[in-house]
Structure formats: structure tokens, C-alpha cells
Amino acid sequence: MNASELLENLTQKGVQLWVDNNKLNLRSPKGVITPEIQAELTTYKAEILAFLREQDVAAKAASIPLNIGLSLQTIGRLIGGFVKQSNVEYQPPVVDPKVMAQKLTVTFRPLPKGYDRTEIIKFREELATKFRDYGVKVLPWEEATTEFSYLFKVPKTNWKKSFKTKNVKSEVDAVIDVENTPFLLRKLGICVAENLYQIYSHLLLKNREISVSRIAKLSSWAEDHTAKYIEDPTNTQVITLTQIDQEFVNPLLPYQQKIKIGLNTLIRTFSEMVIGVSEEKISILNMNLSDSVFPRNEIEHFVANSLIPKIFVPIYPLLLSRFELGQYDPHESSYATKLVKLGNELAPTGLFPPGFKLYEVIKRKSHRDIVNVIVNGRTGVSYGFVAYAEPPQYIGEPEITENEWQSLLPVTGFNHDELRQNEKGRFYIKTKVNGEYLFKQIPDIWLVSSRSGSNKTDLKLESDVIRIGLKENLILQLPQNINPELADIKPSYDIYVMLAISLSAALYAPELIKNGAPIVHFHGYPALEWFKPNEYYVGVTNPSVPCGTYESGVFNFLGISSLTNQQVENTALVSLIEPDHGTNFIARDLEYLVERLKAGCAEGQIELGGKHFASLKAKFGDR
């Protein structure tokens, strides 16, 4: 049991812990604090104090109300299904890169012997300086690592070998390395190591899942990539610096060709991120496969708005354990049928390229096994999503008077001036719209979505369409007769975004979603001139947090709510821009959205990749 688990366990038993004058205080029901727990509290006291201090600072920053009258803490808990979670289980969102930076720890792996790429060496030094300027803790390699020894045995033989290596400590958020081409002898060693791992996996593991670090140590002893030194790959990302790939950043190269280049680059370097460097440009690549390019003289903006957010909130899928699981009949859902139609009608746009099976792209078994653990058993990856929000579901009045608000009950863990509940348990918020406080019910949100890895333009109603609910928690309903243990049917990485857009539309643009609304995401952008009256875009200047995080959900929620202060009317469509990622769209109906996207593609005003992002950014502000 670690400090976090101990805190969560005690909180669930009704124990309250807080820091006062640098002392740990607690209040506990009788009989909970046994001698064994008292000993654990003593052991983890320093870690618990640090955790509670950090949580208190984060909570205070996130509890300040924004211009809509709600705090980040309230928004994060609502869109993430954390209403009933304890403060230990829930972490408030962080959306300011300066605050993110102060929570990060990175290290630079020493340069390989004889490494002489001066442009990358110079950039590496600049990067370390910028990290420190922003408050990132930069640890020396020796301080960030510990020595580790392990014995490798080949089953049914007498062959064994002892290896010594270094482990990057789990508290390090990222390791920055450089790409270095292996010599022939090392390539032969890699081949031997992979064959031995396959033998070991077949004879001993027999498809049993083991940790990522264990796989890396068994299969990578002949290699020199940084991934094999990582103690906790779910917490520590590998960032590789290399020469910029001129083909990948070529704006004339079709995005679908860039997908293969980007994937091969990430797999070749076995990195979560690859930064390309030249004298004039910087590129950044992660699993979002954005082809973003920055001028070299904008390194400060690159580090603050692009790199730091990607380190702070890495790309990871939502685990099934976050959901209350159930089933539904897709044949009885008109919205599931509409979703299939939406995908089919968008096929000619080319905005949703077909996905790929991991075994088709990742040739080595050890690498496939590592990725399988990280992506939570997903067998394939695709880009973009299609979803259809159902009309928001209310019980009682969607909006109440101030006098009625005053009679409502408090909700544990929430600011009493932001969220309350009535006697039936329905939640209401106090929020500012056009300078006036309104008191609105939080509706139940339901939507249907393409499953992760599916072909968005050829969805199978019986197996590709899942139903997601947001009440006090997250709900996942799979199609009837689908066994999640036998079928690869997982929710999209972008669930928080879909739910945030739907909830914010219900609260701040109800006319847009009152009859249900199509929502799509693709890895590209519309040009500025594409937009018509009553169509709006927001989010161009947001930090580029990746998908799969509820920080990205918060930005989308704030994007739609910000339109209320612009006093827009008769909104037909909203485009929510995600830098270094792509665009989310929500529209008033299916036909309108399809017609507008098709027209944009036909006129060259909507394309995959970052070609049109510059025209939006040039406006330097949200329309």
C-alpha cells in the first residue's frame, strides 16, 4: 500500500486528514485507526503531508469562480462523473501551463558517446533552460535514476545471464533523449533478444499479462532506447529529439501519407513524443499525429503551450473501471441509427481515414505486448470520432428562480454558491449568462458514439455503436449480446470531450441540442473563410492538451460557455479548436453538419492536418 492508497482507504472509512502549521491532523470514527494503520501513517507521513499540501494548493487554484460563475473544480467534477468521488480520488483540472510546469519533473539522458549533431545539442541546451525558466524541475540523470539488476533465464536450458541497468524513478514525468542509429553489432543483438523473448513468452508467460517494465527488461537488453530504463511507463514519457523530417512537415503532402510516417517514427524511437529540430523550425509528434510546426524563434511559446501540456497530461485511454457497465439495444435507438447514417454520409469527405491494427504496424512481439498494456487491450487505433448527443434529460424544471435556489440543499464536496440539490437529488448550478445569474438543472447526458478503433464511415449498428451516460458517474452501455472480455469494444479516448460539449451545450446553448445533436472530431481544421453567419469557432489559443484527458473536456466546456458572453443567437454550428490535435464540431442537425463539411472539403477550405490552423491563429482570438 502506498500513501495515495492509504489516504483513499482512510477517506472511505470516514477519516479526515488535513495539514495545519505543517502538522498532520486527523479526525476518525472510533476503531478505524488500528496500531497497524498508525504505523503506516508514521511510515508515509512525509508523503501524505506533501500530497495534502499539493492537493490543497491545486484545490484553491481550481476553486476560484470563472466569469461564468463556476470554478474549474466544479466543472471538472461535473464533466468527469466525479460528483460522488472523495477529494482523494478526485484531482481538480489544471489548465494553466505555468501551473502545470511547476508540477513537472524531467531529466535529460546523457548524450551518446561521439554524438555530434550540433543543432540538436544546441536545442537540447535551450530546452533545459526554458524548462527551468518555467519552473519545471530538471533532475540530473544520476539523481533521476537508480541501479537495477536482474537475471534472465532461457526456459528448459542452462543458459542465463545477469544484467545491470538503470531505472528512471517513477516520479520523473519525462525523459528527454536523442535519436542515435544503432551499429550492425547492436542490430544483431536486438534480433537475438527478441527471439529469446518470444521463446520465453510462449513457454512461460502463455499469454499472461506482465508489466511494461518487465517486458522491456526481458526483450530490450541489447538495445539502447530510453524506454527500457523507465520504471513506470504510465507516468514517465520518453521524448526523443531528432532531425526534423522534411517530408512529414511538408504542407503539400497529404495527411494520410503522414499518418504512416508519424507512426513509424514513434515506433522506431519507441517514444511518446518526437521533437524534430532544424535551424529554422521545430516539429512535435505524438499519438495525436499532429503535423504542427513552430518557428525556431518561438521556442518559448512551443515549450509553454505545446510541450509542457503534453507532458503534464499524457495520452491514455479511459479504463472500463471508470464506468458503470450495462447494455442497450441499438435497434431501438433512433440516435444509434442516425450515428451510422452520419458516418456513412461523411465518407466522401476523407476526414476519417481508416484505422490500423496494431499487429500490422508493430512487427516485434515485445513491442506489441508493451503497447497492448499501455492502450488497455485495444487491438487497433483510428483517428477522429463521430457521436450523436441525445436530448438532455431533466426531471422537474430545467431552470428555477433565485428564491427556489435559496431553499436547495448543499452537496458534499462542492461550493454551496455553485452547486446545490433538491430533495429528489437533482443538481442545480448557479451560473452567469450575459451578465445575469441563472439557476439551471444539471441534466442527465446521454450520447451514442463510435467505439475506439472502428471505421467511422462504415459503422456496424450491432457492434460499433456504444452508449455513454453522464449522471453522478460515468455509464457505458454496450450493444446487447456483446461480451467486452471477448470483443475489442472500448470507448473512445475522447469521451470526456463528448460529454463536456454535450453538457455545456445543454446549459449554455440549449437550442443547439434540444433535439439531439451530431458531434464529430477529425485531425484537421477549417479555414477562416469557411465560416458563415451563426457559425462560430473558439479555442485557438488554448494550451494543446492531448485527447483522453478531462482537461481537454474542460476547455471544450469553456469554449461553448464562452459564446454566451458574446451574446450570439441562432447558433447553427460551433467549431471547438484543439491546437496540435484537430477540431470538434457540434451542429443543430445532421443534414446541416454534413452539408457544411462536404462543402468545405470540396472547396479546399477543410483539410486534415494543420494547413488551415494558421488562418485561424492569425485572427489571434476567438470568433
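Residues numbered from 1 in each chain as written. Predicted model: local features only at pLDDT ≥ 70, side-chain atom pairs only at ≥ 80, totals over all residues. Heavy atoms only, no water.

## Some points on the overall build of the protein
Within the protein one finds 20 helices and 29 strands. With 623 residues in all, the protein has 56% of them scored as buried. Long-range pairs, those at least 24 residues apart, make up 72% of the contacts in the protein with a sequence separation of at least 6. Accessible surface for the protein amounts to roughly 27,900 Å². Of this, 50% is attributable to carbon and sulfur atoms. (Helix = DSSP H or I, 4+ residues; strand = E, 2+ residues; numbered from the N terminus. Buried < 20%, exposed > 50% of the residue type's maximum accessible area, 1.4 Å probe, protein only. Contact = heavy atoms within 4.5 Å. Areas by Shrake-Rupley, 256 points an atom, 1.4 Å probe, with all protein chains shown as cover.)

## Considerations on the confidence of the model for the protein
Residue-level pLDDT values for the protein average 84, and 80% of them are 70 or greater. In the model, residues 374-380 has pLDDT below 50 throughout and makes 32 contacts with residues more than four positions away in sequence or in other chains. (pLDDT = per-residue confidence, 0-100.)

## Points about the sheet that holds strand β19 (residues 427-433)
Taken together, the 5 strands give an open sheet; going across it, the order is β16-β20-β19-β18-β17, and neighbouring strands pair in antiparallel fashion. Each edge of the open sheet is held by one strand with a lone partner, namely β16 (399-400) and β17 (409-410). Against the sheet, helix α16 (residues 495-508) engages β19 and β20 (436-441), with an angle of about 70° to β19. (Pairing = 2+ DSSP bridges. Axes fitted to C-alpha atoms, helices over the stretch in contact; angles between N-to-C directions.)

## Considering the nonpolar core
Buried together is how nonpolar side chains tend to be arranged in soluble globular proteins. If you look at the biggest cluster of nonpolar residues, it comprises 94 residues, and the most contacted ones within it are Phe 131, Ile 275 and Leu 307. Broken down by element, this core gets its largest block of residues, 12 residues, from α16. In contact with Phe 131, other than residues within four places in its own chain, are Val 106, Phe 108, Val 136, Val 138, Ile 176, Val 303, Leu 307, Ile 308 and Ile 311. Counting 50 residues, the second largest nonpolar core, distinct from the first, contains Tyr 383, Val 448, Trp 530 and Leu 608. (Core = buried A, V, L, I, M, F, W, Y, C linked by side-chain atoms within 4.5 Å.)

## Examining the packing of aromatic side chains
Within this structure, the stated rule accounts for 13 aromatic pairs. Between Trp 530 and Phe 531 the ring centres are 5.0 Å apart and the planes differ by 75°, which places this aromatic pair in the edge-to-face class. Centre to centre, the rings of Trp 530 and Phe 585 are 5.8 Å apart; their planes meet at 80°, and the pair counts as edge-to-face. Here the residue Trp 530 occupies a position in the loop between β25 (524-526) and β26 (535-538), and Phe 585 occupies one in strand β28 (residues 582-587), the gap between them amounting to 55 residues. What makes Trp 530 buried here is its relative accessible area of 3%. We classify Phe 585 as buried; its relative accessible area is 0%. Ring pairs connect the aromatic residues Phe 352, Phe 522, Trp 530, Phe 531, Tyr 537 and Phe 585, which therefore count as one cluster. (Phe/Tyr/Trp six-rings, centres within 6.5 Å; stacked < 30°, edge-to-face > 60°.)

## Thoughts on empty space enclosed by the protein
Counted by the stated rule, this structure contains 2 cavities of 30 Å³ or more. In this structure, the second largest cavity encloses a volume near 110 Å³. What lines the second largest cavity is a set of 14 residues, and nearest its centre among them are Asn 542, Phe 555, Asn 556, Ile 577 and Glu 578. Mapped onto the lining of the second largest cavity, the elements with two or more residues apiece are α18 (550-562) and β27 (573-578). The class makeup of the residues in the lining of the second largest cavity is 7 nonpolar, 6 polar and 1 charged. (1 Å grid on protein atoms, 1.4 Å probe; cavity = no way out; pocket = protein on both sides within 12 Å on 5 of 7 lines; lining within 4 Å. Points joined across faces, edges and corners; volume = space filled by probe spheres on them. Nonpolar A, V, L, I, M, F, W, Y, C, P; charged D, E, K, R; others polar.)

## Quick word on the packing of α16 against α18
It is at 8 Å that the axes of α16 and α18 come closest, and there the two elements cross at 25°. By the criterion of interaxial angle, the relationship of α16 to α18 is roughly parallel. Between α16 and α18 lies a crossing of right-handed hand. Mapping the contact onto sequence places Tyr 496, Val 497, Ala 500, Ile 501, Leu 503, Ser 504, Ala 505, Leu 507 and Tyr 508 in α16 and Tyr 550, Ser 552, Gly 553, Asn 556, Phe 557, Ile 560 and Ser 561 in α18. For the contact of α16 with α18, the class distribution of residues is 11 nonpolar, 5 polar and no charged. (Parallel < 35°, antiparallel > 145°, perpendicular 65-115°, else oblique. Left-handed = near helix turned anticlockwise from the far one by under 90°.)

## Side note on the pairing of β20
When β16 meets β20, the two strands line up antiparallel, connected through 2 bridges. Pairing of Glu 399 across the sheet is with Lys 440, part of β20. Inspection of the sheet shows β19 paired to β20 by 6 bridges, in the antiparallel sense. In the strand pairing of β20, Thr 431 is matched with Leu 438. The hairpin formed by β19 and β20 contains 2 residues between the paired strands, and Asn 434 there has a positive phi angle of roughly 55°.

## Here we look at the packing of helix α4 (residues 72-79) against α18
Put simply, α4 and α18 touch, their axes get as near as 10 Å, and they point 110° apart. Relative to α18, the element α4 is oriented roughly perpendicular. Listed contacts from α18 to Leu 72, Ile 75, Gly 76 and Ile 79 of α4 are Tyr 550, Gly 553, Val 554, Phe 557 and Leu 558. Here the contact of α4 with α18 is built from residues that sort into 7 nonpolar, 2 polar and no charged.

## Details of the side chain of Thr 240
Note on placement: Thr 240 falls in strand β8 (residues 237-243). Judged by relative accessible area, which is 4%, Thr 240 ranks as buried. A distance of 2.5 Å separates the side chain of Thr 240 from the side chain of Ser 271, its partner in a polar contact. (Polar contact = N/O pair within 3.5 Å; in protein donor to acceptor, adjacent residues only side chain to side chain.)

## Some points on the sheet that holds β8
Here we have 7 strands laid out as an open sheet, ordered β4-β3-β7-β8-β9-β10-β11, and mixed in their pairing. For this open sheet the edge positions go to β4 (137-139) and β11 (293-295), each flanked by a neighbour on one side alone. Shown here is a sheet whose adjacent strand axes are inclined to one another by a mean of 25°, direction ignored. The strands touched by helix α6 (residues 118-134) are β3 (105-108), β4, β7 (174-178), β8, β9 (273-277) and β10 (281-285); relative to β8, the strand with the most contacts, the crossing angle is about 140°.

## What about the layout of surface pockets?
Here the second largest pocket is characterised by a volume of approximately 1,000 Å³. Surrounding the second largest pocket, 46 residues form its lining, Asp 291, Ser 292, Gly 610, Lys 611 and Phe 613 being those nearest its centre. Elements that contribute at least two residues to the lining of the second largest pocket include exactly α10 (255-269), β11, α11 (299-312), β29 (606-608) and α20 (613-618). Taken together, the residues that form the lining of the second largest pocket break down as 21 nonpolar, 16 polar and 9 charged.

## Section: the pattern of salt bridges
Summed over the entire model, instances satisfying the criterion amount to 16 salt bridges. Glu 300 serves as the salt-bridge partner of Lys 130, at 3.1 Å between the closest nitrogen and oxygen. Separated by 170 residues along the polypeptide, Lys 130 in helix α6 and Glu 300 in helix α11 bring together distant segments of the chain. Exposure remark for Glu 300: the relative accessible area of 46% places this residue in the partly exposed category. Put simply, Arg 596 and Glu 535 hold a salt bridge, and the shortest N to O gap is 2.8 Å. Linking Arg 596 in helix α19 (residues 590-602) with Glu 535 in strand β26, this pair joins segments that are 61 residues apart in sequence. Note on Glu 535: relative accessible area 1%, which makes it buried. One network of salt bridges, with partners in common, ties together Glu 119, Glu 126 and Arg 296. (Salt bridge = Lys/Arg side-chain N within 4 Å of Asp/Glu carboxyl O.)

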